[in-house]
Amino acid sequence: MMKKRINLIVIVTLMILGPFGMLSFAQEVRLGALQDTTGATSDVGKDEALGVREAVQYYNDMGGINGKKIRLFQYDYGYRVPEAITTYKRFRDYDKVVMVLGWGTGDTEALSPTINADKMPYLSSSFSGHLCDPKKTPYNFVYGTDYSTNARGAITYWYEEVWKKDPKWKELREKGVKPKFVCFMDTASPYATAPIKAIKDQATILGFEIGPDQHVALTALDTKSQVIAAKAFGANLVWHGNTTMSVSAALKDAYALGLGADHIINNWGFDENLPKLAGPAAEGAMGLLACALFIDEYPAKKTVIEYCKKLNPGVPLENRLIRTVQGWVKVTLAVEAMKIADKAGKLNGPGIKDAFESFRNWDGLKKFGGQLVTITPTDHRYSSVVRVGRVIKGKPQTVGEIDMKAKFPDKWDSWLGW
Amino acid sequence: MRKLFIFMMIISLTIWGLTSCKPGLLPTEEAGKPKVTLDRIEVMSYFPWVDLPARTPLALGFVFNIQNPSGYNIKLDNIKFTVSFEAAPEKYIEIATPTNYDQIFFPPNTTSQYRIVSVIDSATIRLTLLVAQAPKVNEWNLNIPELIKGWYSKIGDFAFKIKVSEGMAVFNTEKGDVFVPFEGIFPKK
């Protein structure tokens, strides 16, 4: 009798509380995102920020992190390192985020000691190779092939597919001339300088002659003196380490002044805007691609466009770039790591770190044109595959891939952390 | 025992009824959707101009009317928009994208005012014009230092227009999330 009464009270209580239960907030997973929408890399940062926000909404619509809603705190820091550090402290102390989606190399490297001491997983849009050695930076992660591997891949690809095959270089090839190589980059920018040591090392391995570096500011509109210096050296190949705006300025000056060299460009300088900004000067330029271009066909394209229209109907689709897709790649990788950590009952810094380090040939980014992801406790390089694009008939497109681990197996391990 | 059961049933059904049959429009149907409109822009803090590349701050307040025509409480979860300054008649340059995550409830059938303060500065505007907005600057042949100085000298009178675009407010309601795009120009004439 007593048992019956208790059961009855429990049932009726649940019936009464039912509607209030529906009104209560579901659990949240808090995620911080630093973006540059107004600073020196805003030419690529604004579009990436849109992609991040849209992707978070998509994953929330799909059930969040195993039923927990992702609450995104996304702030512009204008590419100012002090502002990034201040915003990070807000993420950590007030917003109580479980991980951070970072942006630039300068701020990510500056924050690295702090986030590692705080055990805060930090997935950055800086693919600096310096962030990939977990012995030094255990809580830093990247979502693209690192800059150093990319740079090595770009120069290797050009050497094998262009220098050795293109009729343009036949005469020099047959004379046994070494290809001459120079770097254009903002020498004050940690992003632009991050892969320079690696690409020069690769140039030496391949037998290039290396010329003097040319400083090109991220905000440069005129690079004539740098192009004249490269021409005086007789450059056959130029590495561009900046973002799209200043790379386009350099391409236009190189074209106008008849430099005659080929161009290879880091991934944040190569996108749909490059041929729009540089016109015919961009034709034939090669660059690195972290994933599919927005204009490409890729399995998730329909979803990406649906959320572009849903969240940012005021932004014309024709203005979207590969950066939108990169935002989705970044969030997709973060979401997967958080889901794994949550399932293990460890949705915290160490748990998310362990989840990242459990990826083995994970194919979740393939639908965005990303690579198979392998991250281990001893190596945070996301992939060894370098995707190379080229501007052909005014449009950037993928022309090939090169697996640097497979091509240089004896050197791959020693390149960690470059 | 039976009396107690019947009594509890009546109470629970009454509460169910009260909570599930709210009057008025649903926030998820078109007529019940919240509306966000730009009411005005105010200069919240002004500093004397210092020539570039020095940094002169400028704080602007964006006052929005948030109308909730539905019969339900709605919660603003986050709001973002892009601010553009008029560089030439009807030609706008994007300056900043403020985003706010403060959560606030709006009661049913009300219109409330909601202010977002955005602090910008001349050095950041210059960078934006040199990088993200460089194609427009080149196309319209604009002189960056003169343009920015002009904005600072005229903003007290709003002698140029400021556009709010790409606006998106996300509201949480009992019936699901509602996405509200918005845009506006100040002054209107």
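The shown structure was predicted, so the numbers you read here are calculated from the model rather than taken from an experiment.

**Student:** Which residues make up helix α14 (residues 349–356) of chain A, and what values do they have?
**Tutor:** Along α14 of chain A, the residues classified as buried are Gly351, Ile352, Lys353, Ala355 and Phe356 of chain A. Buried residues along α14 of chain A sit against β3 (99–102), β5 (140–142) and α13 (322–343) of chain A.

**Student:** Account for the pairing of strand β6 (residues 180–185) of chain A, with residues named and values stated.
**Tutor:** Residue and element names in this part refer to chain A. Among the 6 residues in β6, 5 count as buried, and that is most of the element. Where β6 and strand β7 (residues 209–210) come together, 2 bridges link them in parallel fashion. When the bridges of β7 are listed, Lys180 appears paired with Glu209. Alignment of β6 against strand β9 (residues 237–240), held across 4 bridges, turns out to be parallel. Paired with Cys183 across the strands is Trp239, a residue of β9. Inspection of the sheet shows β6 paired to strand β8 (residues 214–215) by 2 bridges, in the parallel sense. Looking at β8, one finds that Phe184 is bridged to Gln214.

**Student:** Summarise the packing of helix α5 (residues 147–163) of chain A against helix α8 (residues 196–206) of chain A; cite the residues concerned and give the values.
**Tutor:** Residue and element names in this part refer to chain A. Viewed as axis vectors pointing N to C, α5 and α8 meet at an angle of 30 degrees, and their least axial separation amounts to 8 Å. By the angle class used here, α5 and α8 are roughly parallel. With respect to the hand of their crossing, α5 and α8 are arranged in right-handed fashion. Of the residues in α8, those in contact with Ser148, Ala151, Arg152, Ile155, Thr156 and Tyr159 of α5 are Ala198, Ile199, Gln202, Ala203 and Leu206.

**Student:** Report on the domain arrangement of chain A, specifying residues and quantitative values.
**Tutor:** The accessible area lost on association of the parts is a frequent measure of interface size. Residue and element names in this part refer to chain A. Per the domain assignment, the segments making up chain A are domain 1 (28–145 + 294–383) and domain 2 (148–289 + 389–415). Spacing between the C-alpha centres of domain 1 and domain 2 amounts to 27 Å. Counting residues at the interface gives 20 residues for domain 1 and 19 residues for domain 2. For the side of domain 1 that touches domain 2, the elements supplying multiple residues, two or more each, are α2 (42–61), α4 (105–118) and α13.

**Student:** Before we move on, could you go through the sheet that holds strand β4 (residues 122–124) of chain A and cite the residues and values that matter?
**Tutor:** Residue and element names in this part refer to chain A. Read from one edge of the open sheet, 5 strands run β2-β1-β3-β4-β5, paired in parallel fashion. Among the strands making up the open sheet, the edge pair consists of β2 (69–76) and β5. Adjacent strand axes in the sheet meet at a mean angle of 25 degrees, parallel and antiparallel pairs treated alike. Where strand β1 (residues 28–35) and β2 come together, 8 bridges link them in parallel fashion. Across the sheet, the residue bridging to Leu34 is Tyr75, located in β2. With respect to the sheet, helix α3 (residues 81–95) is in contact with β1, β2 and β3, its orientation differing from that of β1 by roughly 175 degrees.

Conventions and cut-offs
Residues numbered from 1 in each chain as written. Chains lettered and ligands numbered in written order. Predicted model: local features only at pLDDT ≥ 70, side-chain atom pairs only at ≥ 80, totals over all residues. Buried ≥ 20, exposed ≤ 12 C-beta atoms within 10 Å, placed from the backbone. Helix = DSSP H or I, 4+ residues; strand = E, 2+ residues; numbered from the N terminus. Contact = placed C-beta atoms within 7 Å. Pairing = 2+ DSSP bridges. Axes fitted to C-alpha atoms, helices over the stretch in contact; angles between N-to-C directions. Parallel < 35°, antiparallel > 145°, perpendicular 65-115°, else oblique. Left-handed = near helix turned anticlockwise from the far one by under 90°. Domains from an automatic or database assignment.

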